Each structure stands twice: as structure tokens, then as C-alpha cells.
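This is what each chain is made of:
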2 protein chains.
Amino acid sequence: MEPTLKLADQICFPLYAASRLITRKYTPYLDQLGLSYPQYLVMLVLWETDQVPVSFIVQQLLLNTNTVTPLLQRLEAMGMLTRKKSREDERKVIVSLTAKGRKLKEQAATIPSEMAACLLSKDITAADLGALVQTLNQLIATLNEEEAG
Amino acid sequence: MEPTLKLADQICFPLYAASRLITRKYTPYLDQLGLSYPQYLVMLVLWETDQVPVSFIVQQLLLNTNTVTPLLQRLEAMGMLTRKKSREDERKVIVSLTAKGRKLKEQAATIPSEMAACLLSKDITAADLGALVQTLNQLIATLNEEEAG
DNA sequence: AAAATTTATATCGCGAGCGATATAAATTCT
DNA sequence: AGAATTTATATCGCTCGCGATATAAATTTT
């Protein structure tokens, strides 16, 4: 199939639209936690691995420093985390969850299954979503490699 | 597989990351046209169907009016399109390409195949991408239905 | 026909997301 | 050791994306 300038043919547009629509779907659940979607992603990283430098979050989320720094500043202002210069390397800033930030994980625990239920339908099975995630991760690996190289 | 709070398990994150990385990949090509990625999407719509109300672009791109209106205002300032009130229904604003906007389509013609080449790799075939787009479109339909209903 | 409601678009305010640039600390080079 | 370079994070300015709200025109109700 020859690629054309038609919207439906582009790979980019379905990705872009699906990403936004899913983010919208998260919003009511995240509102209850007082988090935006990108803030939720930062918390996911920290709930898995606490006390990490800013660069670790940048790598995990594939974002830039100039996006992550303001995100962390807002989460710090909300009392979810602290930012402290590292002892060994004063260039690094170590991000650590506060008690409040750790506690929020309990409230968030139900979100993944609630969201999974939202996405399944008569046309989409769990297997479809599994295949989707696999291809997306390969795509991400390809795009990310090219950037680094 | 039980859904958890791990970043890698969430469907949302691969979508979000892939969408952003692909947009980044487009940037150097779109810079040559002087367009941002969302502006490019608007132009794709208009290159397919000219002289449409704002609501048509909103529907096609699954965006909100308050995103599309400023987008159109910027494209108008760039001389790519005009916005005029409809004769039959003065609430509607009809968006039409200018000669300059129509001409840009020629310059954009090579982008789809160039991008397709970027996305293929040893791990991803054209068939994989085809399946990806199909699942994404079903996902979009599911999410969009729920919103409307 | 006047009032109430709906529809189409626009404005406001805020949090992303990112290119370009800045700053400070660590590392490498000479 | 001092200078040059690299690394880690932050700041600035702009566009997007969206919830809340506003405005004006059309439609429906009474």
C-alpha cells in the first residue's frame, strides 16, 4: 500500500488520537487523586523505584528535562515528593517520595483494572491489546534508538 | 495477566510515548513546510476536503473547539487558509484553503513515504504497522463512542 | 411572537511538551 | 593545576490540549 496524504492512512494520526482519548478516559480517575496524567506517570515511576535522579525519570518516561523539571516542581509543591542535591555528585537532584506520596499508591491501586475494563469491547480483546503493546514497544525502541544514535 | 501499577504494564504509556516520539520524528520534515504537527493534521483534512466548517475539523481530528480555533487562527495568520461566516447559518465558520495552502500539498507529498521508511525496522514490518493501525482505530471507535454516549 | 433551549464557535487560564539557551558541577585534556 | 569539555539540571518562550465559561445565531417551546 502506497502511503498517501490521507489522514486515515497515516500511522501517526491513530496514535496521536488514541493517546489523547485514553488520557481523557483517565482524567476522572486521576482527578480523585488530584493528579494530572503526566504527574501520574511520574508517580508510577517513583512507586516502582524511589530516590532516583531526575535523569532516571527522564529516561523512563522518554521526556526531556525541561518537561520533567517543572512537573517535579509542581509535585513537590503538592507535597508528593522532595528534590535534594546528591551528596556524591552535586549536579544530580535526587527525587524522593514523601509519606503522602507513598500513601497515594494505595488509592491508585484500583486504576489499572478499571482502565483495562474501559478499553475492552466487542471489537477488542485482551489479546489484541497485548499485541498492540508489543508492537508499540518495538516502535518505541526503534524511534528511541535512532534518536540516541 | 492482572493489571498492576507498573509503567510497562499500562497500555496508556506505550501509546503516549510512541505518539510523542513519532511527532518528534516528523518535526524536521514539517519544519521545511513551516508547520507544527497539529497544523499539519489540519492541512491534511483540508487537502482532502476544502471549505468545511470548524466542526468538521473538530470531528476529524477528535479535538475540541478550544484547541482547533487557535490552530486555525495561526494558520490564517500564516496565510494558509481563510475563515468566513457561512451564509446559510451565521453560527458556522467556513474554513477554506488559500492558493498558498493548496500549493503546500505538493511540498508535503513526499512526507508519508519518508516517514513510513523511518518506522520500519528489523523488528517491525509493514504488516505489523497495518495491524497496529487497525487495533488503534477500533480503540478510538470504542473510546469515542463512550464519550458521545 | 416572545421566551427558553440548543448549536457553533470563541475566549480564558493552566499544565504539558519541547527547542534553544543558561548555569553549575564534574571530568578530561594539556 | 588550569583550561576546555562534558554532564545534569533549570529557565525561557512558544504552541498545544482541555475544562470552564462566554457569545451569538438558530431552533424549539409555550
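Our structure is the block above this text.
Keep in mind the model is a prediction, meaning the values are calculated, not measured.

Definitions and cut-offs
Residues numbered from 1 in each chain as written. Chains lettered and ligands numbered in written order. Predicted model: local features only at pLDDT ≥ 70, side-chain atom pairs only at ≥ 80, totals over all residues. Heavy atoms only, no water. Core = buried A, V, L, I, M, F, W, Y, C linked by side-chain atoms within 4.5 Å. Buried < 20%, exposed > 50% of the residue type's maximum accessible area, 1.4 Å probe, protein only. Contact = heavy atoms within 4.5 Å. Buried area = accessible area lost by both parts, 1.4 Å probe. Polar contact = N/O pair within 3.5 Å; in protein donor to acceptor, adjacent residues only side chain to side chain. Helix = DSSP H or I, 4+ residues; strand = E, 2+ residues; numbered from the N terminus. Pairing = 2+ DSSP bridges. Axes fitted to C-alpha atoms, helices over the stretch in contact; angles between N-to-C directions. Least-squares fit on C-alpha atoms with pLDDT ≥ 70 in both. Near = heavy atom within 4 Å. Nonpolar A, V, L, I, M, F, W, Y, C, P; charged D, E, K, R; others polar. Left-handed = near helix turned anticlockwise from the far one by under 90°.

## Quick notes on the nonpolar core
One recurring pattern in soluble globular proteins is that nonpolar side chains are buried together.
Argument step 1. Ranked by internal contacts, the top residues of the largest apolar core, which has 104 residues, are Ile57 of chain A together with Ile57 of chain B.
Argument step 2. Each residue touching Ile57 of chain B, except ones within four places of it in the same chain, is listed here: Val42, Val45, Leu46, Val52, Val68, Leu72 and Val95 of chain B.

## Side note on the interface of chain B and chain A
Argument step 1. At the junction of the two partners, chain B supplies 60 residues and chain A supplies 59 residues.
Argument step 2. Both faces combined, the contact of chain B with chain A buries some 6000 Å², and carbon together with sulfur accounts for 71% of it.
Argument step 3. Taken together, the links from chain B to chain A amount to 13 residue pairs in polar contact (both at pLDDT 80 or more).
Argument step 4. Put simply, the parts of the chain that give the side of chain B that touches chain A at least two residues each are helix H1 (12-33), helix H2 (37-48), helix H3 (54-61), helix H5 (99-108), helix H6 (111-119) and helix H7 (126-148) of chain B.
Argument step 5. Of the residues forming the side of chain B that touches chain A, the biggest block, 15 residues, is contributed by H7 of chain B.

## Digging into the sheet that holds strand E2 (residues 81-85) of chain B
Residues and elements named next belong to chain B.
Argument step 1. Across the sheet, three strands lie side by side as E1-E3-E2; this open sheet has antiparallel pairing. Edge positions in the sheet fall to strand E1 (52-53) and E2, since each of these pairs with one other strand and no more.
Argument step 2. Pairing of E1 with strand E3 (residues 93-97), which is carried by two bridges, proceeds in the antiparallel orientation. Paired with Pro53 across the strands is Ile94, a residue of E3.
Argument step 3. Lying over the sheet, H2 contacts E1, E2 and E3, oriented at roughly 85 degrees with respect to E3.

## Here's the deal with the relation of the copies chain B and chain A
Argument step 1. With an RMSD of 0.0 Å, the operation that places chain B on chain A is a rotation of 180 degrees combined with a shift of 0.0 Å along the axis. When the rotation and shift are considered jointly, the pair of chain copies conforms to a two-fold rotation axis.

## Quick look at the protein's contact with DNA strand D
Argument step 1. Around DNA strand D lies a shell of 26 residues, among which Tyr16 and Arg83 of chain A together with Ser36, Asn66 and Arg74 of chain B are the nearest.
Argument step 2. Among all atoms of DNA strand D positioned within 4 Å of the protein, those belonging to sugar or phosphate total 73%.
Argument step 3. Contacts to DNA strand D include Arg83 of chain A, whose side-chain N or O atom sits 2.6 Å from a phosphate oxygen.
Argument step 4. In this structure, a phosphate oxygen belonging to DNA strand D sits 3.4 Å away from a side-chain N or O atom of Gln39 of chain B.
Argument step 5. Of the residues in the surface near DNA strand D, the class split is seven nonpolar, ten polar and nine charged.

## As for the packing of helix H1 (residues 12-33) of chain A against H2 of chain B
Argument step 1. For the pair H1 of chain A and H2 of chain B, the least separation of the axes is 12 Å and the interaxial angle reads 115 degrees. Once H1 of chain A is placed against H2 of chain B, the crossing between them reads as left-handed. Residues Cys12, Phe13 and Tyr16 of chain A of H1 of chain A lie in contact with H2 of chain B, whose contacting residues are Tyr37, Pro38 and Leu41 of chain B.
Argument step 2. Tallied by class, the residues present in the contact of H1 of chain A with H2 of chain B amount to six nonpolar, no polar and no charged.

## A word on the side chain of Ser96 of chain A
All names here are of chain A.
Argument step 1. When you line up the elements, Ser96 lands in strand E3 (residues 93-97).
Argument step 2. Judged by relative accessible area, which is 14%, Ser96 ranks as buried.
Argument step 3. Look past the residues within four positions of Ser96 in its chain and what remains in contact with it is Asp50, Gln51, Met80, Leu81 and Thr82.

## So, unusual backbone geometry
Argument step 1. Unlike most non-glycine residues, Gln51 of chain A shows phi in positive territory, near 60 degrees.
Argument step 2. Structurally, the position occupied by Gln51 of chain A is in the loop between helix H2 (37-48) and strand E1 (52-53).

## Let's talk about the protein's contact with DNA strand C
Argument step 1. In the vicinity of DNA strand C lie 26 residues, with Asn66 of chain A together with Tyr16, Asn66, Thr69 and Arg83 of chain B positioned nearest.
Argument step 2. The sugar-phosphate share of atoms of DNA strand C within 4 Å of the protein amounts to 73%.
Argument step 3. Contact between DNA strand C and Ser36 of chain A: a phosphate oxygen at 2.7 Å from a side-chain N or O atom of the residue.
Argument step 4. Side-chain polar atom of Arg83 of chain B to a phosphate oxygen of DNA strand C: 2.6 Å apart, as the coordinates give it.
Argument step 5. Of all the elements in the fold, those that place two or more residues in the surface near DNA strand C are H2 and helix H4 (65-77) of chain A together with H1, H3 and helix H4 (65-77) of chain B.
Argument step 6. Partitioned by chemical class, the residues of the surface near DNA strand C number seven nonpolar, ten polar and nine charged.

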